[in-house]
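Chain residues, written in single-letter form:
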Amino acid sequence: MEKEKKERKNHPLLLRYLISFAVAALMALGVMSIRGLFSGEEMSLYDTYKALCDGFFVAGILMLCFGCIVFVAQEGAFDALRFVGHSLIGLLKKRRPGEKSETYADYKEKLAKKGKGKFFYMIIVGAVFVAVAAIFLLLSESLL
């Protein structure tokens, strides 16, 4: 019974990794296509490695940056901006008589109860793609 629960808990994490990998792979393939890797024309081995390096690097760095932005947001860097936006929207809504507006302390407490999501999968997938790009960079530079 507990084994089933563990498998169910790991399933969404595996799905997150797979989706992140698929998105990064599509970005990498797009960049490689732009660099002419799939054009059908004859390319030197150096140009092939260079196109592969560019594709993996762009996809990896975008995933890394997005993962870092999510990390910073989860740590509370944008809480004040979110509270201001929430308060502005609250001004447009009609309030019930006697209803108080939410303070920043109340808002922070509500966020603390909510918990933090998992996001390291984006950072890990991005780091793997950047590492693969570094390998292709070293391979292309060894041909010179």
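An account of the accompanying structure is given in this report. Numbering of residues starts from 1 in each chain and follows the order in which that chain's sequence is written. Local features are withheld for residues below a pLDDT of 70 in this predicted model, meaning they are given only at 70 or higher, and side-chain atom pairs are given and counted only at 80 or more; totals for whole chains, interfaces and linings count all residues. The side-chain numbers reported here are obtained from all heavy atoms of the structure, hydrogens and water having been left aside.

## Some details on helix 2 (residues 45-74)
Spacing of three or four residues puts side chains on the same side of an α-helix, whose turn is 3.6 residues.
Argument step 1. Only DSSP runs of H or I with at least four residues qualify as helices, and only runs of E with at least two residues qualify as strands; both kinds are numbered from the N terminus onward. Helices are assigned an expected span. That span is 1.5 Å times one less than the residue count. Taking 1.5 Å as the rise per residue, helix 2 with 30 residues should run 44 Å; its terminal C-alpha atoms sit 43 Å apart, in good agreement.
Argument step 2. Taken residue by residue, helix 2 has Tyr49, Ala51, Leu52, Cys53, Gly55, Phe56, Ala59, Gly60, Met63, Leu64, Gly67 and Val70 as its buried positions.
Argument step 3. Directly after helix 2, the chain includes glycine 76, whose backbone phi takes a positive value near 105°. Think of it in three bands: residues with accessible area under 20% of the maximum for their type are buried, residues over 50% are exposed, and the middle band is partly exposed, with areas taken using a 1.4 Å probe on protein chains only.

## A word on a nonpolar patch on the surface
Argument step 1. Judged by side-chain polarity, Ile69, Phe71, Val72, Phe78, Leu81, Phe120, Ile124 and Val128 come together as a nonpolar surface patch covering roughly 730 Å² of accessible area.
Argument step 2. For the nonpolar patch, the secondary structure elements donating two or more residues are helix 2 and helix 5 (120-142).
Argument step 3. Along the chain, phenylalanine 78 turns up in the loop between helix 2 and helix 3 (79-92). Grouping into patches uses exposed residues only, defined as over 30% relative accessible area, and leaves out salt-bridged ones; the cut-off is 9 Å for like charges and 5 Å for nonpolar side chains (Val, Leu, Ile, Met, Phe, Trp, Tyr). Under the convention used here, a 1.4 Å probe and the Shrake-Rupley method define accessible areas, while residue burial counts only the protein chains that appear. A carboxyl oxygen of Asp or Glu within 4 Å of a side-chain nitrogen of Lys or Arg is what we treat as a salt bridge.

## Observations regarding the nonpolar core
Argument step 1. We define the nonpolar core as a collection of buried residues of types Ala, Val, Leu, Ile, Met, Phe, Trp, Tyr and Cys that are connected through side-chain atoms lying within 4.5 Å of one another. Ranked by size, the top nonpolar core spans 21 residues in total, and within it Ala24, Met32, Leu52, Phe56, Met122, Phe129 and Phe136 carry the most contacts.
Argument step 2. If you list the elements that add at least two residues to this core, you get helix 1 (2-34), helix 2 and helix 5.
Argument step 3. When checking whether two residues touch, look at their non-hydrogen atoms; a contact exists if any pair is within 4.5 Å. Not counting residues within four places of it along the chain, the set of residues in contact with phenylalanine 129 comprises Phe21, Ala24, Ala25, Ala28, Phe56, Ala59 and Gly60.

## A word on the packing of aromatic side chains
Argument step 1. Under the pairing criterion, centres of Phe, Tyr and Trp rings, with the six-membered ring standing for Trp, must be within 6.5 Å; the plane angle then separates stacked pairs below 30 degrees from edge-to-face pairs above 60, leaving the rest tilted. The full count for this structure, using the stated rule, is six aromatic pairs.
Argument step 2. Look at phenylalanine 71 and phenylalanine 120: their rings are 6.3 Å apart centre to centre, the planes differ by 40°, and that puts the pair in the tilted class. Of this pair, phenylalanine 71 sits in helix 2 while phenylalanine 120 sits in helix 5; the two residues are 49 residues apart in sequence, bridging distant segments of the chain.
Argument step 3. A relative accessible area of 49% places phenylalanine 120 in the partly exposed class.
Argument step 4. Members of the aromatic cluster, connected to one another through ring pairs, are Phe21, Tyr49, Phe56, Phe129 and Phe136.

## What to know about the side chain of serine 20
Argument step 1. Structurally, serine 20 is set in helix 1.
Argument step 2. Setting aside residues up to four positions removed in sequence, serine 20 forms contacts with Met63, Tyr121, Met122 and Val125.

## Describing the side chain of serine 140
Argument step 1. Looking at the secondary structure, you find serine 140 in helix 5.
Argument step 2. According to the relative accessible area criterion, serine 140 is buried, its value standing at 2%.
Argument step 3. For serine 140, the side chain forms a polar contact with the main-chain oxygen of leucine 137, separated by 2.9 Å.
Argument step 4. Those residues in contact with serine 140 that sit more than four places away from it in its chain are Tyr46, Tyr49 and Lys50. Under this definition, polar contacts are N or O atom pairs within 3.5 Å; protein pairs additionally need one hydrogen-donor-capable and one acceptor-capable atom, and for neighbouring residues in sequence, both atoms have to be side-chain atoms.

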